Amino acid sequence: MSKKLANDELTSTDQQAAKPSSNTLGRRSFMKRLGLGAAVLPAGAIITSATRARADNGRLSEGDVSILRFLAAAEILETDLWQQYTELALGNPSFQQALITLDGDMPTYVNQNTRDEFTHQNFINAYLMSKGEKPVNLEPFRKLPSSQATGANKTAKRLTNLMNLTVDTSWFLRYRLSGNPDFGDTFAQIVNLDNVSAIPNADLPPPTDVNFGFQIQFIANVAGFHFATIEQGGSSLYQSFLPKASNLEVLKIVGAIGGTEIMHFQTWQDKAGNAPMLMDNHGNTIFPQLPIAPDPAPDGIDHSAPNDTNQIMPAPCKFISTHLPLCSVIRPISTAQAGAKAAVMGLTASGLFNGQSKDFFNLLAHLAEEADEAERER
Ligand SMILES: [Fe+2]
Ligand SMILES: [Fe+2]
């Protein structure tokens, strides 16, 4: 990690991330290595002076701070990508028209989603400061270029890259079938979107253009799926932290902001199903025909229509135990599948951070590790 970043922007905890691995282990890792769990230690025996082992004097526990610091970083990154989308959804006529092909409300909903993300990042950082904790600041990493299409703030620097995305669309079938990644189930992609752009980088003909309209429509289709991909990840991430938060106020924050991520996902998964089939001007299919709604052969009982684009409520799936009935829930929610490290891995693999520095990935990895290690303190 560069000296400049470590001195200017990172907390002492973050600075430790740059040191050899023995220094990166938090209190819980240390206790785990000793084979000690917090629950077996007598009151007062928990290491005190060098750590914030428990919330006292109004301070948050180490685990709660770690959860909130990772969420602040995630929200800053979400805000950055949504800001790029909203500039083009509102300011690029061709992109806007292509989004409207999916649903007339798309541009306005993109704007609303962006507004929500600003409030999430601002609130979590303000809350951290109100508890005497340092806010998360990713500004030193704001170095990636903007789209050069009309509507984009062309000279702005970005944290995220929407131009070379590999979009994981497996949520489409995951939410329509009874499997659950927390039980080891995997799901196929409904559309293969590999190394594609979700925003235009130059002005393109409108989707109605008979020869080249498919270009901007393809980008809008990618964006339509990426919106849902991002928000389902956020929905699962927040759920993974619910059993870890100690302070009731932190629990409220995780529950209530997490709830809006679910609202976002639900909206976008409905719209994504409207993405039209596309052919290039040589007659090659470049975006497949999605399953027609309603599904021609629903069984009408449980996960009746796995491909139905109108089957947007979460189909009942395995939950807690296979000995219990199927249940309609957010999935996955485990730390392994939905936690901070899983989120960073998924976002990195998607290409969202293409062009980012090693320091950026180091910081994100450190924040994620600390957050996933958080445990509820009784
Ligand atoms: Fe958010
Ligand atoms: Fe979100």
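Residues numbered from 1 in each chain as written. Chains lettered and ligands numbered in written order. Predicted model: local features only at pLDDT ≥ 70, side-chain atom pairs only at ≥ 80, totals over all residues.

### A look at the overall build of the chain
Item 1. Broken down by element type, the chain carries 12 helices and four strands.
Item 2. Looking at the chain as a whole, 44% of its 378 residues qualify as buried.
Item 3. Sequence separation of at least 24 residues holds for 69% of the intrachain contacts in the chain that already meet a minimum separation of 6. (Helix = DSSP H or I, 4+ residues; strand = E, 2+ residues; numbered from the N terminus. Buried ≥ 20, exposed ≤ 12 C-beta atoms within 10 Å, placed from the backbone. Contact = placed C-beta atoms within 7 Å.)

### Digging into the confidence of the model for the chain
Item 1. Averaged over the chain, the pLDDT score is 85; the fraction of residues at 70 or greater is 81%.
Item 2. This model gives residues 1–55 a pLDDT under 50, and the stretch forms 61 contacts once residues within four places in sequence are excluded.
Item 3. A low-confidence stretch, residues 296–304 (pLDDT under 50), is modelled with 13 contacts involving residues beyond four sequence positions or located in other chains. (pLDDT = per-residue confidence, 0-100.)

### Considerations on the environment of A336
Item 1. By the element assignment, A336 lies in helix α10 (residues 335–338).
Item 2. For A336, a count of 12 C-beta atoms within 10 Å gives the class exposed.
Item 3. Placed 154 residues apart in sequence, A336 and D182 show a C-alpha to C-alpha distance of 8.0 Å.

### Considering the nonpolar core
Item 1. One finds I67, F70, A73, I219, V222 and A223 to be the most contacted residues of the largest nonpolar core, which totals 83 residues.
Item 2. With 15 residues, the single largest contributor to this core is helix α4 (residues 62–91). (Core = buried A, V, L, I, M, F, W, Y, C linked by C-beta atoms within 7 Å.)

### Quick word on unusual backbone geometry
Item 1. Residue P332 is reached from R331 by a cis peptide bond, and omega for that bond is -5°.
Item 2. Relative to the elements of secondary structure, P332 occurs in the loop between β4 (285–287) and α10.
Item 3. Phi is positive for N195, which is not a glycine, with a value near 50°.
Item 4. Within the secondary structure, N195 sits in strand β2 (residues 193–196).
Item 5. For N195, a count of 11 C-beta atoms within 10 Å corresponds to the exposed category.
Item 6. Despite not being glycine, I320 has its phi angle at roughly 65°, a positive value.
Item 7. Counting through the fold element by element, I320 comes out in the loop between β4 and α10.
Item 8. On the neighbour-count criterion, I320 (11 C-beta atoms within 10 Å) is exposed.

### Considering the packing of helix α8 (residues 213–241) against helix α9 (residues 248–272)
Item 1. The interhelical angle for the contact between α8 and α9, taken along N-to-C directions, is 155°, at an axis separation of 8 Å. With respect to α9, the element α8 is oriented roughly antiparallel. The interaxial crossing formed by α8 with α9 has left-handed handedness. Contacts between α8 and α9 involve G224, F225, F227, A228, E231, Q232, G234, S235, Y238, Q239 and F241 on the former and, on the latter, V254, I257, G258, E261, I262, H264, F265, W268, Q269, K271 and A272.
Item 2. Taken together, the residues of the contact of α8 with α9 sort by class into 11 nonpolar, eight polar and three charged. (Axes fitted to C-alpha atoms, helices over the stretch in contact; angles between N-to-C directions. Parallel < 35°, antiparallel > 145°, perpendicular 65-115°, else oblique. Left-handed = near helix turned anticlockwise from the far one by under 90°. Nonpolar A, V, L, I, M, F, W, Y, C, P; charged D, E, K, R; others polar.)

### Considerations on helix α11 (residues 340–349)
Item 1. All of the buried residues along α11 are A340, A342, A343, V344 and L347.
Item 2. Looking at the buried side of α11, the elements it contacts are α4, α8, α10 and α12 (358–373).

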